[in-house]
Amino acid sequence: MALFCVLGSLLGWGVSLVWPTPHRATRELYVGLNVYNSSEGRIRTEYAGVEIVNANDFKNWQMASLNTLILTDEVIDATLARLRAADPYWEGVDRTALARSLDVYWRNAGKWRLVAEHPDPTRAGQAVTAWEEVVVERVHTAVLASQRAMVLDLQLQAIAQQRLVYHSQIERLGQVHKVMQQTLLELDARPADAPLDQEEHWKLWRQVGKLDLGHVWSVLLNSFPSQPAPASAYRGWLAQAAPLVEAELADLEELNDQLDQRQQAAAAQFAEASQESLGLSATLDVDKISETRLERTVVRPTGKLMLAGSLLGLVVWFAFWLGSISLKGSA
């Protein structure tokens, strides 16, 4: 039995020589997320093209997005560039080889573990440290872009509301201006001293009396003809009022055009910021837990392989022992 155990232990030691164990270096990240901002869900939904029903869905999507981000080619390439700048050894390592040596372990928001494996413990530490730095920087850039997207979204909402106000005012003034022009045409078709009847008088007043175009307009309203004024009085009043309405219309249309330009510019900036954010939340927080702490472990320690070999030898000896008993019994 001792011989079998020794042979098994030697077998485990031989495996450790033929199949060298990689060294594992681990860095820890803090990942936090505040899901209170429900309005942000609309922005993220537009970016992702999926419906986010509740806070749990939002949290799960953010964790999955972060997991995907830190393993993207962009992040791996930036990590490799940083490693090559620090150590010429990495010139011979390509993106695929580096990506295979990296992994991330997490269950939820909180503590995430970034892991790099390499036959050389120093190289493993270099890889995971550079990767952690790139991840934190890239996430911070994406979160800042997400925050810009939220600000731009609020600006777009304010612009949209203001445009509705302008559209309403333009429509109202356009209607008043049309009534004024029709009234002028009707007045031109009647004698100058012919008075307007009560219905025509109040019809015109209902249109112009509710307008608020500033002090000049208020003074002009005070001079509105009273019954029974002749057509010439209304014609003279309209000749003064019509240019004010036309000027106000022109100003509103110019303001509306300016808002349209602002909206287009903000929409372009919003789209750019949304793409740069990669769908990450403006309230996502990713930071290093420690600048100096680096956990190093051996994936397959030689001692454990020798112990496993000894146990295997014991099992083989036990099988031979049972076999010998069976042979004696049959004899």
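Worth saying up front: this structure is predicted, and the values here are computed from it rather than measured.

Q: Is there a simple way to think about the packing of aromatic side chains in this case?
A: Here the distance between the centres and the angle between the planes together describe a pair of aromatic rings. Taken as a whole, this structure holds five aromatic pairs when the rule is applied. Centroid distance Phe224 to Tyr234: 6.0 Å. Interplanar angle 80 degrees. Geometry classified as edge-to-face. On the criterion of sequence distance, the pair formed by Phe224 in the loop between helix 8 (215–222) and helix 9 (231–277) and Tyr234 in helix 9 is long-range, its members being ten residues apart. For the pair Phe224 and Tyr234, a shared accessibility class is recorded, and that class is buried. Positioned over the ring face of Tyr89 is Arg123, at 4.3 Å from the centre of the ring.

Q: Where do I start with the side chain of Asp87 in this structure?
A: Here Asp87 is to be found in the loop between helix 4 (73–86) and helix 5 (95–101). On the basis of relative accessible area, Asp87 is assigned to the buried category, the value being 13%. Among the polar contacts listed, one links the side chain of Asp87 to the side chain of Arg123, at a separation of 3.0 Å. Setting aside residues no more than four positions away along its own chain, Asp87 makes contact with Arg123 and Gln126.

Q: Mind showing me how you'd approach the environment of Arg123 here?
A: Counting through the fold element by element, Arg123 comes out in helix 6 (residues 121–188). Between the C-alpha atom of Arg123 and that of Trp90, which follows or precedes it by 33 residues, the distance is 9.0 Å. Excluding its chain neighbours within four sequence positions, the residues that come into contact with Arg123 are Asp87, Tyr89, Trp90 and His118.

Q: How should the nonpolar core be read in this particular structure?
A: Across soluble globular proteins, nonpolar side chains have a tendency to be buried as a group. Counting 33 residues, the largest nonpolar core has Ile70, Leu98, Trp112, Trp131, Val139 and Leu284 as the members making the most contacts within it. When contributions to this core are tallied by element, the ones reaching two or more residues are strand 1 (23–33), helix 3 (55–69), helix 4, strand 2 (102–105), strand 3 (110–118), helix 6 and strand 4 (284–288). When residues of this core are assigned to their parent elements, the largest contribution, eleven residues, is made by helix 6. What Leu284 contacts, discounting residues up to four positions off in sequence, is Val31, Gly32, Leu33, Gln62, Met63, Val139 and Val143. Ranked by size, the runner-up nonpolar core spans 28 residues in total, among them Tyr166, Leu196, Ala231 and Ala242.

The rules we used
- Residues numbered from 1 in each chain as written.
- Predicted model: local features only at pLDDT ≥ 70, side-chain atom pairs only at ≥ 80, totals over all residues.
- Heavy atoms only, no water.
- Phe/Tyr/Trp six-rings, centres within 6.5 Å; stacked < 30°, edge-to-face > 60°.
- Helix = DSSP H or I, 4+ residues; strand = E, 2+ residues; numbered from the N terminus.
- Buried < 20%, exposed > 50% of the residue type's maximum accessible area, 1.4 Å probe, protein only.
- Lys NZ or Arg CZ within 6 Å of the ring centre and 35° of its normal.
- Polar contact = N/O pair within 3.5 Å; in protein donor to acceptor, adjacent residues only side chain to side chain.
- Contact = heavy atoms within 4.5 Å.
- Core = buried A, V, L, I, M, F, W, Y, C linked by side-chain atoms within 4.5 Å.

Geometric values such as these leave the question of function open.
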